[in-house]
Amino acid sequence: MSSAPNGLPRYPIVQGPMAGGASCPPLVAAVCEAGGLGYLAGGYKTADGMYQEIKQTRGLTRRPFGVNLFMPQTGYVDPAAVETYRGQLAGEAGWYEVSLTAEDTVGNCDDGYEAKLAILLEDPVPEVSFTFGTPAPDVLARLRGAGTRTVVTVTSVEEARSAQAAGADAVCVQGIEAGGHQGTHRDDPETDGTAGVGLLALVAQVREAVALPVIAAGGLMRGAQIAAVLAAGADSAQLGTAFLACPESGAHPLHKKALTDPMFPHTELTRAFTGRPARGLVNRFVREHGPYAPAAYPQVHHMTAGLRKAAAAAGDPQGMSLWAGQGHRLARALPAGELVEVLAAELAGAQTALNAMQMRRTS
């Protein structure tokens, strides 16, 4: 049996949405069939592209799954800073033989948000999560009315309280250890290097601040870590990097290999590829351009898209965005369904050991 009698996932394991291709229908379906909750990434896709992936996933599984959306970005971006960074990347453009034209930075700053919402309201999925902000209360209410559970990604107690006030059904609490973009609601470059709270501390703080179910995310790679966040107050755990190396994942083979390659021993938060803080493996591109990248998302994301694609095509991981959480060296290249079962067994073992320890102490 891969799901509970009420149709909910059997295990408190969520496969994190990873924009850029990793969270593809085969991965999502495999996780769902094994008893976890799989998540499609709606970010960086057209509304129709998102819908096509929803249809593909429904053709692979009848289990519940989720879709993640990026909130529109409305903050001021300094055009001069973007142009300065374009100059910084001129050598990269020449090396990979791609152009950095003005159109590269114009990209749609709302990521097709309204069109995607319209699809999800007309043809609902079981769960929708939001990153980079809290939707308007009426959006959350309409999704709830359509039978969809709503989740808001938060990185602080303040953001969790905002999500609760708006009417979210749950919060995904993202620790500083998480791979990919930090889901901060306000991108403040003055806090780079100083902001961010570790997952266990943040889960405990949010648990005491809001009366919403908590999904814990950030650096989780083993069942014992899932047990730890559940003990800290989380209701379930979200893992992204752990599923990157799975054969069903749509991540580039070089990205999968890099997770455990000694050439990439650590991660850091960088604006180098997108203009927003995101955790990835430290490679040449991060070292050379990270210190100069402006706070300009998604303009920088669009500007570097051609460079990243060219680096991948050339087989050069030193020019790719190798998103990964701090636990990346623990990645296991198992089939997604098998990984879910292994994580669940590790979780059960850790919980049994903890219960036995508590019994010994009280006897």
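Everything that follows concerns the structure shown earlier in this document.
Everything numeric here is computed off the predicted structure, so don't read it as measured data. (Residues numbered from 1 in each chain as written. Predicted model: local features only at pLDDT ≥ 70, side-chain atom pairs only at ≥ 80, totals over all residues. Heavy atoms only, no water.)

Asker: Would you mind going over the overall build of the chain with me for this structure?
Answerer: Each helix and strand in the chain was counted, giving 14 helices and eleven strands. By the compact-globule yardstick of 21 Å for 363 residues, the chain fits well, its C-alpha radius of gyration being 20 Å. For the C-alpha atoms alone, the extent of the chain along its principal axes is close to 65 × 45 × 40 Å. Residues classed as buried in the chain amount to 54% of the 363 residues present. Contacts in the chain between residues at least 24 apart in sequence constitute 68% of all its contacts with a sequence separation of at least 6. Accessible surface for the chain amounts to roughly 15200 Å². Of this, 56% is attributable to carbon and sulfur atoms. A gap of 7 Å separates the mean positions of the 28 positive and 34 negative side-chain charges of the chain. (Helix = DSSP H or I, 4+ residues; strand = E, 2+ residues; numbered from the N terminus. Rg over C-alpha atoms; globule rule 2.2 N^0.38 Å. Buried < 20%, exposed > 50% of the residue type's maximum accessible area, 1.4 Å probe, protein only. Contact = heavy atoms within 4.5 Å. Areas by Shrake-Rupley, 256 points an atom, 1.4 Å probe, with all protein chains shown as cover. Lys, Arg positive; Asp, Glu negative; His and termini not counted. Charge placed at Lys NZ, Arg CZ, Asp CG, Glu CD.)

Asker: In this structure, what is going on with the nonpolar core? I would like to understand it.
Answerer: Inside soluble globular proteins, nonpolar side chains tend to come together where they are buried. Judged by nonpolar contacts, the single largest core of 100 residues is most densely connected at F130 and F243. Once residues within four sequence positions are removed from consideration, F243 is found in contact with I13, Q15, M18, L27, V31, S249, A336, L339, V340 and L343. Membership of the second largest hydrophobic core comes to eight residues, among which are V14, C172, I215 and A217. (Core = buried A, V, L, I, M, F, W, Y, C linked by side-chain atoms within 4.5 Å.)

Asker: What should I look at first to understand the packing of aromatic side chains in this one?
Answerer: Working definition: an aromatic ring pair is given by the centre-to-centre distance plus the angle between the planes. Considering all chains together, one arrives at five aromatic pairs under this definition. Residues F273 and F285 carry aromatic rings whose centres are separated by 4.5 Å and whose planes lie at 15° to one another, so their mutual orientation is stacked. With F273 in the loop between β10 (267-270) and β11 (278-281) and F285 in helix α12 (residues 284-289), the pair connects residues that are twelve residues apart, well separated along the chain. The residues F273 and F285 share a single accessibility class, namely buried. A connected cluster of aromatic rings, assembled from ring pairs, spans Y44, F70, F132 and Y297. (Phe/Tyr/Trp six-rings, centres within 6.5 Å; stacked < 30°, edge-to-face > 60°.)

Asker: Could you clarify how one ought to interpret the sheet that holds β11 in this entry?
Answerer: Paired through backbone hydrogen bonds, the strands of a sheet run either parallel or antiparallel to each other. Taken together, the three strands give an open sheet; going across it, the order is β7-β11-β10, and neighbouring strands pair in antiparallel fashion. The open sheet terminates on both sides in strands that have one partner only, identified here as β7 (180-181) and β10. As judged from the two bridges shared by β7 and β11, these two strands associate in the antiparallel manner. Across the sheet, the residue bridging to H181 is A278, located in β11. (Pairing = 2+ DSSP bridges.)

Asker: Honestly, the environment of W95 in this entry has me stumped. Any pointers?
Answerer: Position of W95 among the secondary structure elements: in helix α4 (residues 90-96). Distance in space between the C-alpha atoms of W95 and A311 is 9.6 Å, their sequence separation being 216 residues.

Asker: Which parts of the structure should I look at to understand the side chain of T270?
Answerer: If you trace the backbone, T270 turns up in strand β10. Of the polar contacts made by the side chain of T270, one reaches the backbone nitrogen of A272; its length is 3.0 Å. Setting aside residues up to four positions removed in sequence, T270 forms contacts with R276, P277, A278, V286, G290 and W323. (Polar contact = N/O pair within 3.5 Å; in protein donor to acceptor, adjacent residues only side chain to side chain.)

Asker: Help me understand the pairing of β11, please; the structure alone is not making it clear to me.
Answerer: Sheet analysis places β10 next to β11, joined by four bridges and oriented antiparallel. Across the sheet, the residue bridging to L269 is R279, located in β11.

Asker: What should I look at first to understand helix α7 (residues 157-166) in this one?
Answerer: Owing to its 3.6 residues per turn, the α-helix brings residues three or four apart onto one side. Taken as a whole, α7 has its buried residues at V157, E159, A160, A163 and A166. Among the structural elements, α6 (137-145), β5 (149-154), β6 (170-174) and α8 (199-209) are those in contact with the buried residues of α7. Residue G167 follows α7 closely and has a positive phi angle near 105°.

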